[in-house]
Amino acid sequence: MNISTNNGISEAKTPIQPVELNIGQDVLRGILREPRQNRYPNHCILFLAGPGTTRCGPHRLNWEIAERIAQLGLRSFRFDYRGRGESSGQEDNLDVESMYEDAVWCYNALTRSFPLLQQIIIIAVCMGAISGIKLMESNPHVCDGIFLGAPRYIPKVPMAEKFQYSKYMMNKYLAKVLHRETWKRIIENKVDYMAVVRTLFGQYQKYVPQYRDKDNLLNVIRSRMTLEDKSSNTEKQLLFVYGQYDPAKIGCMRFYRKFCKMKGWRYKALEINKSDRTFNNHKAVRKVAEIICNHILSICS
Amino acid sequence: MYKEQPLILTTGKEYLYSVFYVPHEPPNGGKGHVVIICPPIAHERNNSYRVLVHLAKKIAIEGTAVVRFDYTGTGDSGGTFADIEVDTCIANICKVASVMQMHGKITRISLIGVRLGAIFATIASQLMERANDLILIDPVIDLKVYLKELEYIQIINRVFGLGKNETSSTKAQNSMDQHQMEVAGYSFKKSFLEDISCLNRCKMSIRPEQRVFMLFTQGKGVVTKADMFYDINSVETKVLKTKYGSFWARDNVYEVPELSEEIISFLLKS
C-alpha cells in the first residue's frame, strides 16, 4: 500500500496532492503537501488531528503549519480519520483505537512511498497526541513529537453532571466565568440561559459519553507503555505546547513530564499565548505555526 | 455506484480544492446534470462539513454528478481566511461551474447553498450562463443577527475553555486593526462584512426560468423574515423538522437524512 498521488485531476501543477488509502472497506483521504524544493528529503511531517476536526485542524492550524513548513522545504501529510471529513466510515466508530489504526496506516504508507525517509515528525492536536505517543513508542522513524493541547485524561464524570441538579451551583459557576456583560444579558433575559448552558456542556459531553465506559486516558496510556523498554532513549523528544490559561495545562504538563522521564525521552514544554488554547483563533494559530516551524527547523538542521 | 475524484483548480495565484462525485451509470435524467454545493464559511462550515459530504454522496448514488469545494481561504484551498471577499467566493462558484462545462456536456446545473453559501450561490447564478436550480438551505437573512450569533459563539467558546475574560488590552488591540475584525476566532475582513451588509439591504433577484427551493431548519418564523430578502411568493419553501434542528449550528451532527431526501426529490422532479 503506497501513497498514490495521481488521484487528483488538476489544471496545472499544484502544491497539494490528494491521497487515498484503503483500509479494508474504508478509504482514508488526505493531502500530501510537497514543497517546491525538497530541502529535507529524509524528513516528513505527519499531522494527527483531534477527533472533532477535519485534516485542516482547528481554525486551519494544520494547513497553516503545512504551508509554512513547505516554504522551508519540508514535505507534510495530513489526513481525515475514518468517520470524519472526507474519509469514509461510521462516525460513531471513531475512538482512540481507530485513530491509532489510521495513524499507523498513514505512517506505513509514508515509509513505503518515500524510501529516503528516515525521520517522521508528528504534530498532534488534542487527542491525536495519544496516537502520536503510541507511534513514537513503537516506531524507530518517529523521534520527535509536537503536541498541542494534549489531554491528560478524559474525566469519567463530566462537569455538567455535577451541576445539572443544582441551578444554584450552575448560576454560581456561570457568574464566575462569564463575561459581566453576558451575565447581565442572561439576567435580563436577552440571551437564552438554557441555550448557553446547553451549548457549553453539550460540547463537553459530546466525547465523554463515547469514552465514559473506557478507562481514563492515564490508564490507557499506561497499559500500552512498554515498561520493559527502560533504556534511555534520548533521541526521542516531545514538545508540548499550551496556552497560558489552558485549564488542562498543569495536570498535563506534570503527567507528560513523568511519562517522558519513565521512557527516557527528552521533554520540553512551551507556554504561549494569553488565550485559553493555542488554536482558538486565527491570530493564535499564526503565532503557533511560526513557533512550531522554528522548532522543526532546529530538529531538521 | 460513484467515484470520488479530487479536483485542484487554479484561480489566479491560488488553488481551489474540490471533489467531484461521478456516478458510474447515471440514469437518463442524470446525464449532463451537475450539482454544485456551496458551503457556508467559518464555524458553520466546520459544523456542516460532514453533512454536506453525505449529501453529495447520496445525490451521486441517485445518478447525478456533484461537486463540493472549499472557497479560497477555507479548508484545503489556498489563501488565508483573512483574504476572503464576497467577490472571490462568487468567482469560485463560477469557476467550478465553468470547469464542469469545459469537461463535459452539461445541460443542467443546480446550485445548493447553505447559509452564506446560499447568498453566494444566488448571486453566482445571475452571473453564470446556466443555473437551472437553486436550493437554498437556511440562507442568511439578517447580517446583524448573523454577527450576533458569531459573537455569542465567541463568548461561549471562551467560557467553555474556562478562559480569562477579554481584557481591555485585547479589546483595544482588536479595535486597532482597521481592516480586520475578529469574531468567534475568525479574522473577517471588514470589507467582507460590509459587502455582505450591502447585499442584505436589497432583495435577491432570481431568474424567471430558475427553479428555487428554500429549506428552513430554524422554524416557521424565519420564513416570514425571508420575504424581506427573497421574493418567496415565487419560490418553493419548506420548513424542515429534523432531529437536530439546524445542523450547521451544531458540531456533532454528521448526517441529516431528511435534508438529503427533500433535496433529491426536488432535483428529480424536473
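Residues numbered from 1 in each chain as written. Chains lettered and ligands numbered in written order. Predicted model: local features only at pLDDT ≥ 70, side-chain atom pairs only at ≥ 80, totals over all residues.

**Some thoughts on the sheet that holds strand E8 (residues 237-243) of chain A**
Residue and element names in this part refer to chain A. Rule in force here: Pairing between strands requires that DSSP locate at least two bridges from one strand to the other. By the criteria applied, helices consist of DSSP H or I runs no shorter than four residues and strands consist of E runs no shorter than two, each listed in order from the N terminus. A fitted line through C-alpha atoms serves as each axis, taken over the contacting stretch for helices, and the angle formed by two N-to-C directions is quoted from 0 to 180°.
The strand order across the open sheet built from eight strands is E2-E3-E5-E4-E6-E7-E8-E9, with neighbouring strands paired in mixed fashion. A strand with exactly one partner marks an edge of an open sheet, and here the two such strands are strand E2 (16-23) and strand E9 (266-272). Direction aside, the axes of adjacent strands within the sheet are offset by 20° on average. Looking at chain direction, strand E6 (residues 119-125) and strand E7 (residues 142-148) are connected through six bridges and run parallel.

**Considerations on helix H2 (residues 86-103) of chain B**
Residues and elements named next belong to chain B. Heads up, the rule is: In this scheme, a helix's expected span is set at 1.5 Å multiplied by one less than its residue total. Whether a residue is buried, exposed or partly exposed is read from the other C-beta atoms within 10 Å of its own C-beta, which are placed from the backbone; 20 or more gives buried, 12 or fewer gives exposed, and intermediate counts give partly exposed. Starting at the helix axis, one direction is taken to each C-beta atom, and the arc is that of these directions.
Its 18 residues place the ends of H2 26 Å apart at the C-alpha level, agreeing with the 26 Å of an ideal helix rising 1.5 Å per residue. Taken residue by residue, H2 has Val86, Cys89, Ile90, Asn92, Ile93, Val96, Ala97 and Met100 as its buried positions. Along the axis of H2, the buried positions cluster into a sector of 150°, meaning they face one direction only. Along H2, the residues that are exposed and aim more than 90 degrees away from the buried face are Met102 and His103.

**Side note on the packing of H2(B) against helix H3 (residues 116-127) of chain B**
All names here are of chain B. Worth spelling out the cut-off: Any angle that falls under 35 degrees is termed roughly parallel, while one over 145 is termed roughly antiparallel, one within 65 to 115 roughly perpendicular, and all others oblique. Helix crossings fall into two classes, left-handed where the near helix is turned counterclockwise from the far one by less than a right angle and right-handed where it is turned clockwise. We call two residues in contact when the distance between their C-beta atoms, placed using the backbone, is within 7 Å. Note on residue classes: Ala, Val, Leu, Ile, Met, Phe, Trp, Tyr, Cys and Pro are nonpolar, Asp, Glu, Lys and Arg are charged, and everything else, Gly too, is polar.
In contact at an axis separation of 9 Å, H2 and H3 are set at 55° when each is read in the N-to-C sense. By the angle between their directions, the pair H2 and H3 is classed as oblique. Our pair here, H2 against H3, has a crossing hand that is right-handed. Along the contact surface, H2 presents Cys89, Ile90, Ile93 and Cys94, while H3 presents Phe120, Ala121, Ile123, Ala124 and Leu127. In the contact of H2 with H3, the residues fall into nine nonpolar, no polar and no charged.

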